[in-house]
Amino acid sequence: MGPEGSQDFDVYLRTAISVDPQGWAQFGHVKMPDYRWGIFMNPKEEGRRIHFGEHKGEAAWQDVPGEHRANLRRIIVTQGDTEPASVEQQRHLGLTAPSQYDLRNLFQVNVEEGRHLWAMVYLLHKYFGRDGREEAEALLQRNSGDEDNPRILGAFNEKTPDWLSFFMFTYFTDRDGKFQLAALAESSFDPLARTTKFMLTEEAHHMFVGESGISRVIQRTVQAMNELKTDDPVKIRAAGVIDLETLQRYLNFHYSVTIDLFGADQSSNAAIFYSSGLKGRYEEGKRSDDHLLKGENYRILDVQGDRLVDKDVPMLNALNEVLRDDYIKDSVAGVGRWNKVIEKAGIPFRLTVPHKAFNRQIGTLAGVKVSPDGRVVSEAEWAAKVDEWLPSAEDRAFVASLMGRVVEPGKFANWIAPPVMGINRQPVDFEYVRFN
Ligand SMILES: [Fe+2]
Ligand SMILES: [Fe+2]
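Residues numbered from 1 in each chain as written. Chains lettered and ligands numbered in written order. Predicted model: local features only at pLDDT ≥ 70, side-chain atom pairs only at ≥ 80, totals over all residues.

Observations regarding the pairing of strand 4 (residues 307-314)
Here strand 4 lies mainly on the outside; 0 of its 8 residues are buried. Both strand 3 (residues 297-304) and strand 4 contribute to a ladder of 8 bridges, which runs antiparallel. By the bridge assignment for strand 4, Val-303 is matched with Leu-308. What sits between the antiparallel neighbours strand 3 and strand 4 is a turn of 2 residues, in which Gly-305 has the positive phi angle 60 degrees. (Buried ≥ 20, exposed ≤ 12 C-beta atoms within 10 Å, placed from the backbone. Helix = DSSP H or I, 4+ residues; strand = E, 2+ residues; numbered from the N terminus. Pairing = 2+ DSSP bridges.)

What follows is the structure, given as structure tokens:
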């Protein structure tokens, strides 16, 4: 189910051989089937205590407590299911890579997602007995976008048809991974906490691929705009680069689909997962409240007629929303850095993240149509404007028309600028992939 047609390539990959600073980033050319899928866990912290929920203060669990077994299994299966899904979504992209450098980054992300699946499978096999083994097997049977047996979460059944989608996906959706893993890294179930802590070190590179990828697309676009002295999308497209309006629509799509991954804004499961110590908040240890949250409130969005209004609800039930809001803060920062590239080129256009209620399919906001600037709109207005707000079939066809394979070292497709630096201080024109 991995990358297509690439089993024999020697790829300049980063392989972890241990979790210490010397061991986790070993670079060298390897065939992807030989990439080492080790079990990597951060070292055990002696005397680690549970630091949130009703078991706060007790020793962290080295085994699964019977009462929490079903919920923990569900959490691990849901996380595990996302890992191979993205590889399945991306398996055709190697055929249209814009450069060797980018091809290598795609493969790096793919092997690490494969290893992340392996990490979750290890927990299922080691700690959950027969039903764990069955769940692990089912992880291999589900397939992204499969009509009969899809992946568990919506965004992981969407297609990643082109490299613009890939960069948006690694920026936005791998960042969802970061926040889920960070919340699991707080878990009272110590093996899960230690495994996810190590996965987080790898996730940083995936988001880098997305952020720098989009940044390079923008760089190339604004260069062409300045050369042509135009902001007309038709002329910009004719020059073979991606107009900023299309970038904005892709951003709107990936952002809205990804924030749905955090689940319903009010969820009794989220409250149970937190109170029983299974899943914490982002940076739980840095927060100064009582880590029990009983009697605390949190402000969420509600719909009243044709208006969005604020509503205070018990925080324990709103923990999905708390994590989503932390995610939103984090993802907005990178969009600001993309805007710096546009600003530097002297172009007035700015990318923005759409309103939280835009294009939502899960929770309270699923029932309304909302514009990117946060107005509740009629079905008729939505239908009239949707092609300005989300990628249209025509946008996707245009982006697809730019995709072509560029594999000569140091050469890049016309629609994307080269990176500032190579991988592991290698030159940009280094032979990152040897085709055999
Ligand atoms: Fe992952
Ligand atoms: Fe990732």
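Having seen it, we continue.
What about the sheet that holds strand 2 (residues 26-31)?
Taking strand neighbours across the sheet as the criterion, the 3 strands line up as 2-1-5 in an open arrangement whose pairing is antiparallel. Looking at the sheet topology across the chains shown, the edges are occupied by strand 2 and strand 5 (433-434). Pairing of strand 1 (residues 10-15) with strand 5, which is carried by 2 bridges, proceeds in the antiparallel orientation. Paired with Asp-10 across the bridge in strand 5 is Arg-434. The sheet contacts of helix 2 (residues 100-127) involve strand 1 and strand 5, and relative to strand 1 the element is tilted by about 50 degrees. (Contact = placed C-beta atoms within 7 Å. Axes fitted to C-alpha atoms, helices over the stretch in contact; angles between N-to-C directions.)

Here we look at the packing of helix 5 (residues 190-228) against helix 9 (residues 319-344)
Between helix 5 and helix 9, whose axes approach to 9 Å, the crossing angle comes to 20 degrees. Relative to helix 9, the element helix 5 lies roughly parallel. When you trace helix 5 past helix 9, the crossing you get is right-handed. For the pair formed by helix 5 and helix 9, the contact residues are Glu-211, Ile-214, Ser-215, Ile-218, Gln-219 and Val-222 on the first element and Gly-334, Arg-337, Trp-338, Val-341 and Ile-342 on the second. Grouping the constituent residues of the contact of helix 5 with helix 9 by class yields 6 nonpolar, 3 polar and 2 charged. (Parallel < 35°, antiparallel > 145°, perpendicular 65-115°, else oblique. Left-handed = near helix turned anticlockwise from the far one by under 90°. Nonpolar A, V, L, I, M, F, W, Y, C, P; charged D, E, K, R; others polar.)

Let's talk about unusual backbone geometry
Its identity as a non-glycine residue notwithstanding, His-291 has a phi of 60 degrees, on the positive side. Relative to the helices and strands, His-291 resides in the loop between helix 8 (268-275) and strand 3. What makes His-291 partly exposed here is the crowd of 19 C-beta atoms within 10 Å. One non-glycine residue, Asn-359, lies in the positive phi region at around 55 degrees. Structurally, Asn-359 is set in the loop between helix 9 and helix 10 (379-389).

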